[in-house]
Amino acid sequence: MLKIEHLKKHYGNFSLDCSLEVQQGCVTGLVGQNGAGKSTTFKAVLGLVSADGGSVTVLGKDLQNFTPEDREDLGIVLSDSGFSGYLTARDIIPVLKNMYRHFDYQFFLEQIQKFQLPLDKRIKDFSTGMKNKLKVIVAISHNAKLLMLDEPTAGLDVIARDELLEMLREFMEQDEERSILISSHISSDLETLCDDIYMIDNGQVVLHEDTDVLLGSYALLKVNKEQYRKLDKQFIVCSKKESYGYSCLTNQKQYYIENYPAIAIEKGAIDEVITMMIRGQKS
């Protein structure tokens, strides 16, 4: 559905070099801190900023050969864009009808009602959560094959995030050939949604794993200096010095459970994995 190979973009002291792939029928997450390169990747893929190198294939076509009709198969949500605040949800309906041949007017109204968005209130008076819900509803209301969502849950409270993620799950359930690329710095949002996750830091992809593997096989080992000295480090991805000794990230949790029953082993949640991959020393 989407294949990015060494997509490059340079800004001053920041350089992006990103490769990733979104498979048909899958939800792929792109996680990283603010400023890691997530939004730059989205904008370069969409041609909103000129890339300095690399290739992008979307829905089997080179991005340079994409036609206006092809673009109708994409549903886009960008973190720093949206509709004029002086419009209402009702105002944008004729705009969407003219933009998309497959705009589903009835579905759009059903979603607006389901998520309790006002039709006749100016968008500038919407809360952050309401604005984000509206952007996602627009993205899923014209039978898109691929959604590209940049930080759609940013600034939302827990309830609003759950509602938005449920919207995306329903979108995927309706057609098994659809796909989503979603970025977020709130990694817990992606644990239950994504099939696989790419981790980006300072413009570089530092890790790619299936979510089940990430949650099931990764772990943090908390060891003192003596335990660290005796530790078999062949399955240690990176380590970080702590006041008590060392924190070590492994991608083979079961090996250390079976062979080192005396050491403390904690589940490797995505947040902890990100922190270790960015701040830890690679083995």
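If you're wondering where the values come from, they're calculated on a predicted model, not measured in any experiment. (Residues numbered from 1 in each chain as written. Predicted model: local features only at pLDDT ≥ 70, side-chain atom pairs only at ≥ 80, totals over all residues. Heavy atoms only, no water.)

### Section: the sheet that holds strand E13 (residues 246–250)
The strand order across the open sheet formed by five strands is E14-E11-E13-E12-E15, and the pairing between neighbours is antiparallel. In this open sheet, the two edge strands, each paired with only one partner strand, are strand E14 (264–267) and strand E15 (281–282). Note: strand E11 (residues 219–223) against E14, four bridges, orientation antiparallel. Residue Leu 221 lies in a different strand from E14, and its bridge partner there is Ile 265. Of the strands in this sheet, E11, strand E12 (236–241), E13 and E15 are in contact with helix H11 (residues 270–279), which crosses E12 at around 80°. (Pairing = 2+ DSSP bridges. Helix = DSSP H or I, 4+ residues; strand = E, 2+ residues; numbered from the N terminus. Contact = heavy atoms within 4.5 Å. Axes fitted to C-alpha atoms, helices over the stretch in contact; angles between N-to-C directions.)

### Details of the side chain of Thr 40
Looking at the secondary structure, you find Thr 40 in helix H1 (residues 38–45). For Thr 40, a relative accessible area of 17% translates into the label buried. Every residue in contact with Thr 40, bar those within four places of it in the chain, is listed here: Lys 9, Tyr 11, Phe 14, Leu 16 and Val 49. (Buried < 20%, exposed > 50% of the residue type's maximum accessible area, 1.4 Å probe, protein only.)

### Some words on the nonpolar core
Grouped together as the largest cluster of nonpolar side chains are 53 residues, with contacts concentrated most on Phe 108, Leu 134, Leu 147, Leu 168, Ile 180 and Ile 182. Here this core takes seven residues from helix H6 (residues 158–174), the largest share from any one element. Other than its neighbours up to four places away in sequence, Ile 182 contacts Val 27, Thr 28, Gly 29, Leu 30, Leu 149, Pro 152, Leu 168, Leu 190, Leu 193 and Cys 194. Within the second largest apolar cluster, 26 residues are counted, among which are Val 45, Val 56, Met 148 and Leu 181. (Core = buried A, V, L, I, M, F, W, Y, C linked by side-chain atoms within 4.5 Å.)

### Section: the side chain of Asp 73
Checked against the element boundaries, Asp 73 lands in the loop between helix H2 (68–71) and strand E6 (74–77). Taking relative accessible area as the criterion, Asp 73 reaches 19% and is therefore assigned buried. Among all residues touching Asp 73, those that are not within four sequence positions of it are Leu 59, Ala 144, Lys 145 and Leu 146.

### Quick word on the packing of helix H3 (residues 89–99) against helix H4 (residues 105–114)
Contact geometry for H3 and H4: axes closest at 11 Å, N-to-C directions at 155°. On the basis of their axis angle, the class for H3 and H4 is roughly antiparallel. The handedness of the crossing between H3 and H4 comes out as right-handed. On the side of H3, the interface is formed by Ala 89, Ile 92, Ile 93, Leu 96 and Lys 97, while H4 contributes Tyr 105, Phe 108, Leu 109 and Ile 112. Along the lines of polarity and charge, the residues of the contact of H3 with H4 split into eight nonpolar, no polar and one charged. (Parallel < 35°, antiparallel > 145°, perpendicular 65-115°, else oblique. Left-handed = near helix turned anticlockwise from the far one by under 90°. Nonpolar A, V, L, I, M, F, W, Y, C, P; charged D, E, K, R; others polar.)

### Considerations on unusual backbone geometry
Even without glycine at this site, Asn 143 takes up a positive phi of about 60°. With respect to the helices, strands and loops of the structure, Asn 143 is situated in the loop between helix H5 (128–139) and strand E7 (146–150). Unlike most non-glycine residues, Glu 151 shows phi in positive territory, near 50°. Mapped onto the fold, Glu 151 is located in the loop between E7 and H6. In this structure Glu 151 comes out as buried when scored by relative accessible area, which is 8%.

### Some points on empty space enclosed by the protein
As enumerated under the stated definition, the model contains one cavity of 30 Å³ or more in all. Taken as a whole, the largest cavity holds about 40 Å³ of empty space. Taken together, Phe 107, Gln 111, Ile 140, Met 167, Glu 170, Phe 171 and Gln 174 make up the full set of residues lining the largest cavity. For the lining of the largest cavity, the leading source of residues is H6, giving four residues. A per-class count over the lining of the largest cavity returns four nonpolar, two polar and one charged. (1 Å grid on protein atoms, 1.4 Å probe; cavity = no way out; pocket = protein on both sides within 12 Å on 5 of 7 lines; lining within 4 Å. Points joined across faces, edges and corners; volume = space filled by probe spheres on them.)

### What about H3?
Looking only at H3, the buried set comprises Ala 89, Ile 92, Ile 93 and Leu 96. Each buried residue of H3 sits inside an arc of 125° when the element is viewed along its axis, so together they form one side. For H3, the elements touching its buried residues are H4 and H5. (Arc of directions from axis to C-beta.)

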